[in-house]
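# A look at the structure
The chain contents come next:
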Amino acid sequence: MPQFKNFIPQLTIESPGRINFIGEHTDYNGGFGLPTAIDKKIIFKLKKNNSKNICNIYSANYDASFSLDLENIKISDKEWENYILGVLYEIQQLTNKVEGFDCVLSSDIPVGSGISSSAALECGLAFGLNEMFDLGLSKLDIVKLSQRAEHNYVGTKCGIMDQYASVMSKKDHVILLDCQSIQHQYIPIEIKPYKILLLNTNVSHSLASSEYNTRREECEKGVSIIKKKYPEVNSLRDVDEAMLLEFKNLLSKTVYIRCRYVIEEKTRVLSAVEALKENRLNDFGALMYATHYGLSKEYEVSCPELDFLVEFSKNFDTIIGSRMMGGGFGGCTINLIHEDAISDFIEKVSLAYFNKFNIKLDAFVANPSRGTSVVN
Ligand code: GLA
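Description of the structure in this document. (Residues numbered from 1 in each chain as written. Predicted model: local features only at pLDDT ≥ 70, side-chain atom pairs only at ≥ 80, totals over all residues. Heavy atoms only, no water.)

### Looking at unusual backbone geometry
With an omega of 5°, the peptide bond between Lys192 and Pro193 qualifies as cis. Non-glycine residue Asp134 carries a positive phi angle of around 55°. Tracing the sequence through the fold places Asp134 in the loop between helix H2 (117-132) and helix H3 (139-154). The residue Asp172 is not glycine, and still its phi comes out positive at about 65°. Residue position: Asp172 is located in the loop between helix H4 (161-168) and strand E7 (173-178). Residue classification places Asp172 among the partly exposed positions, given a relative accessible area of 40%. (Helix = DSSP H or I, 4+ residues; strand = E, 2+ residues; numbered from the N terminus. Buried < 20%, exposed > 50% of the residue type's maximum accessible area, 1.4 Å probe, protein only.)

### Here we look at the nonpolar core
The biggest cluster of nonpolar side chains holds 79 residues, and the ones touching the most others in it are Ile19, Phe21, Phe101 and Leu198. Leave out the neighbours within four places in its chain, and Ile19 touches Pro35, Thr36, Ile38, Ile115, Ile196, Leu198, Met325, Ile334 and Ala366. By size, the runner-up hydrophobic cluster in this structure holds 46 residues, among which are Leu199, Ile225, Leu295 and Val301. (Core = buried A, V, L, I, M, F, W, Y, C linked by side-chain atoms within 4.5 Å. Contact = heavy atoms within 4.5 Å.)

### Digging into the packing of aromatic side chains
This structure, assessed with the given rule, holds 14 aromatic pairs. Between the aromatic rings of Phe308 and Tyr353, the centroid separation amounts to 6.4 Å while the plane-to-plane angle is 45°, which identifies the pairing as tilted. You can see Phe308 sitting in helix H9 (residues 304-313) and its partner Tyr353 sitting in helix H10 (residues 342-357), a full 45 residues away along the chain. On the basis of relative accessibility, which here comes to 0%, the residue Tyr353 falls in the buried class. With a centroid separation of 5.6 Å and an interplanar angle of 90°, the aromatic rings of Phe308 and Phe357 are classed as edge-to-face. Within this pair, whereas Phe308 is found in helix H9, its partner Phe357 is found in helix H10, the two being separated by 49 residues in sequence. By the ring-pair criterion, three or more aromatic residues cluster together here, those being Phe308, Phe312, Phe316, Phe345, Tyr353 and Phe357. (Phe/Tyr/Trp six-rings, centres within 6.5 Å; stacked < 30°, edge-to-face > 60°.)

### Thoughts on the pairing of strand E1 (residues 11-20)
Of all 10 residues making up E1, 10 are buried, and the element is well covered by its neighbours. Here E1 runs beside strand E3 (residues 35-48); their pairing, made up of nine bridges, is antiparallel. Paired with Ile19 across the strands is Thr36, a residue of E3. Where E1 meets strand E14 (residues 373-374), two bridges bridge the pair, whose relative direction is antiparallel. From the neighbouring strand, Ile13 faces E14, where its bridge partner is Val374. (Pairing = 2+ DSSP bridges.)

Keep in mind that these numbers describe shape and distance, not what the molecule does.
Next comes the structure, spelled out in structure tokens:
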């Protein structure tokens with residue numbers, strides 16, 4: 001194992017976490033999302049080590065390191081290692097140009113907080129190796145191989161949104177991501193005098209990964225039943241509320257409700273984009289609250305801590321929108337709050353949260369930022 005102190009890299013990459021304004025659990029249903037990268041990131045310091053196959057990885061956050069042989073990549077029992085191993089495995093399926101390298105990682109993205117430290121880790125490594133070994137991968141290749149890494153090595157059957165946002169984002173913009181065509185539009189995010197405040201519950205319930213996969217299966221179940229009558233339907237993107245209603249008695253109550261949420265959310269994203277473009281920020285925020293209701297009561301991926309924070313925000317007319325963000329069962333809420341009200345609100349909500357759950361709340365303002373990049 002090399003010395004990682006005083007490590008002099010050949011290449012430095014930054015790979016950001018992401019937020020998502022609206023469009024949750026829609027990506028694996030061919031719907032829309034409205035994510036962007038933020039100014040919290042993982043820094044990768046990389047250099048070739050002149051070996052053919054040996055890679056050494058050191059995480060400053062965990063103060064832990066491991067080595068691997070590119071010819072013999074296997075799933076590890078340490079979750080963070082699997083993000084790295086998964087990416088290397090997927091790259092090895094595409095090219096044999098990667099050779100031995102050393103990598104030092106450091107991150108200011110809170111893990112398990114729903115802002116996708118995992119996508120940042122996958123995409124940053126893939127991006128860095130693409131640069132250093134001239135692999136010729138496109139940004140979309142990097143996004144897709146990172147998603148496959150998460151499916152195959154971590155076991156979460158995630159959609160494409162997190163990796164897409166981490167790689168493709170542009171400073172001061174959001175991405176309207178169409179997960180059917182896998183294309184996007186950049187939309188300027190001008191929300192002055194409001195700011196994006198993230199409140200980290202500091203809980204991540206262990207259900208997250210298994211329940212996530214179950215939601216995905218419930219949606220696929222709905223689609224398979226609808227498809228028997230309408231063969232042109234390939235995902236919930238192709239289903240509207242009237243069509244779904246025809247199947248109310250053929251679907252289980254749970255599957256029906258999950259599908260209804262996804263279909264409503266698809267419409268909400270498009271309404272939110274119109275509101276944003278027309279600077280109707282109150283309407284935009286109201287749609288965020290509606291999404292939270294759907295995620296909590298219909299899709300059932302929230303938890304008491306998230307619900308409490310969203311309810312508490314309703315006591316403040318300086319907050320125009322709030323909801324849980326990401327896969328759910330913990331992590332952060334995203335709040336649109338007047339810039340003058342931030343410190344007072346943080347004080348009050350932190351106290352209330354602590355009194356209720358005996359857990360310290362973390363709060364920070366997030367700024368829309370560029371995607372994965374080389375640091376000069
Ligand atoms: C996680 C997944 C994404 C997406 C969100 C929910 O973050 O990685 O693909 O499905 O949950 O919107």
